[in-house]
Amino acid sequence: KQWYQRRVRGGPFTLVNTEGETFTDRNLLGKWVLIYFGFTFCPDICPEELEKIGEIIDLMDNTPEAPRIQPIFVSVDPKRDTPELIKSYLKDFHPRFIGLTGTKEQVKRATKAYRVYYSEGPDHAEGANEYIVDHSIVTFLMDPKGMWSCNFGQRTSPEEAVNKIVTKMNEFYENNR
């Protein structure tokens with residue numbers, strides 16, 4: 001079975017967490033992870049998706065014998081999203097969220113590894129801080145080996161996501177005995 005398994009999403013990245021510390025993909029090994037790319041100035045979709053991830057985490061925490069899942073938010077707007085701003089923003093969603101950002105180049109490498117599209121909108125005036133960042137709307141489930149397991153789109157309900165996560169966890173543990 002292993003001959004066809006390859007990394008579909010994910011890979012090496014180096015970013016900065018909300019405490020200003022270096023954070024890499026290696027920090028996530030050994031954990032189940034839900035990772036979402038967005039930005040704090042997002043008016044509607046990002047807050048809805050982060051709220052949904054919080055609901056998924058709470059449902060999984062109430063699932064007997066299920067491992068804890070680590071939620072991760074990666075900013076695609078390093079120009080405005082400072083570690084401090086991300087830390088404050090994520091307080092509204094779930095206490096276990098880890099927020100990450102970095103330089104423009106670091107964020108570009110992370111989004112490329114996960115095949116996430118993003119494009120900073122045009123500034124309407126020189127030095128303007130009001131713009132929208134267009135980006136993929138997808139949440140990735142990564143297994144404890146750092147491999148992509150599945151993803152969820154905007155229309156996936158928390159309950160559907162939990163069912164899929166439990167299935168993927170069972171498959172993972174069955175295949176890694």
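Residues numbered from 1 in each chain as written. Predicted model: local features only at pLDDT ≥ 70, side-chain atom pairs only at ≥ 80, totals over all residues. Heavy atoms only, no water.

In this section: the state of the cysteines. Applying the stated criterion across every chain yields a total of zero disulfides. Cys-46 forms no disulfide, and the closest cysteine sulfur to it belongs to Cys-42, at a distance of 3.3 Å. (Disulfide = S-S within 2.5 Å.)

This part covers the side chain of Thr-156. Assignment of secondary structure puts Thr-156 in the loop between β9 (148-153) and α4 (158-175). With a relative accessible area of 19%, Thr-156 lands in the buried category. Apart from the residues within four sequence positions on either side, Thr-156 is in contact with Lys-52 and Ala-161. (Helix = DSSP H or I, 4+ residues; strand = E, 2+ residues; numbered from the N terminus. Buried < 20%, exposed > 50% of the residue type's maximum accessible area, 1.4 Å probe, protein only. Contact = heavy atoms within 4.5 Å.)

This next bit is on the pairing of β9. If a strand is regular, its side chains alternate between the two faces of the sheet. Pairing between strand β8 (residues 138-142) and β9: five bridges, direction antiparallel. Bridge assignment links Leu-141 to a residue of β9, and that residue is Cys-150. A loop of five residues connects β8 with β9, the two strands running antiparallel in sequence, and Gly-146 in this loop sits at a positive phi of about 80°. (Pairing = 2+ DSSP bridges.)

Before going further, it helps to spend a moment on unusual backbone geometry. Even without a glycine there, the phi angle at Glu-65 is positive, about 65°. Along the chain, Glu-65 falls in the loop between α1 (45-61) and β4 (69-75). The exposure class of Glu-65 is exposed, given its relative accessible area of 83%. Unlike most non-glycine residues, Arg-115 shows phi in positive territory, near 55°. Turning to its location among the elements, Arg-115 is positioned in the loop between α3 (104-113) and β6 (118-120).

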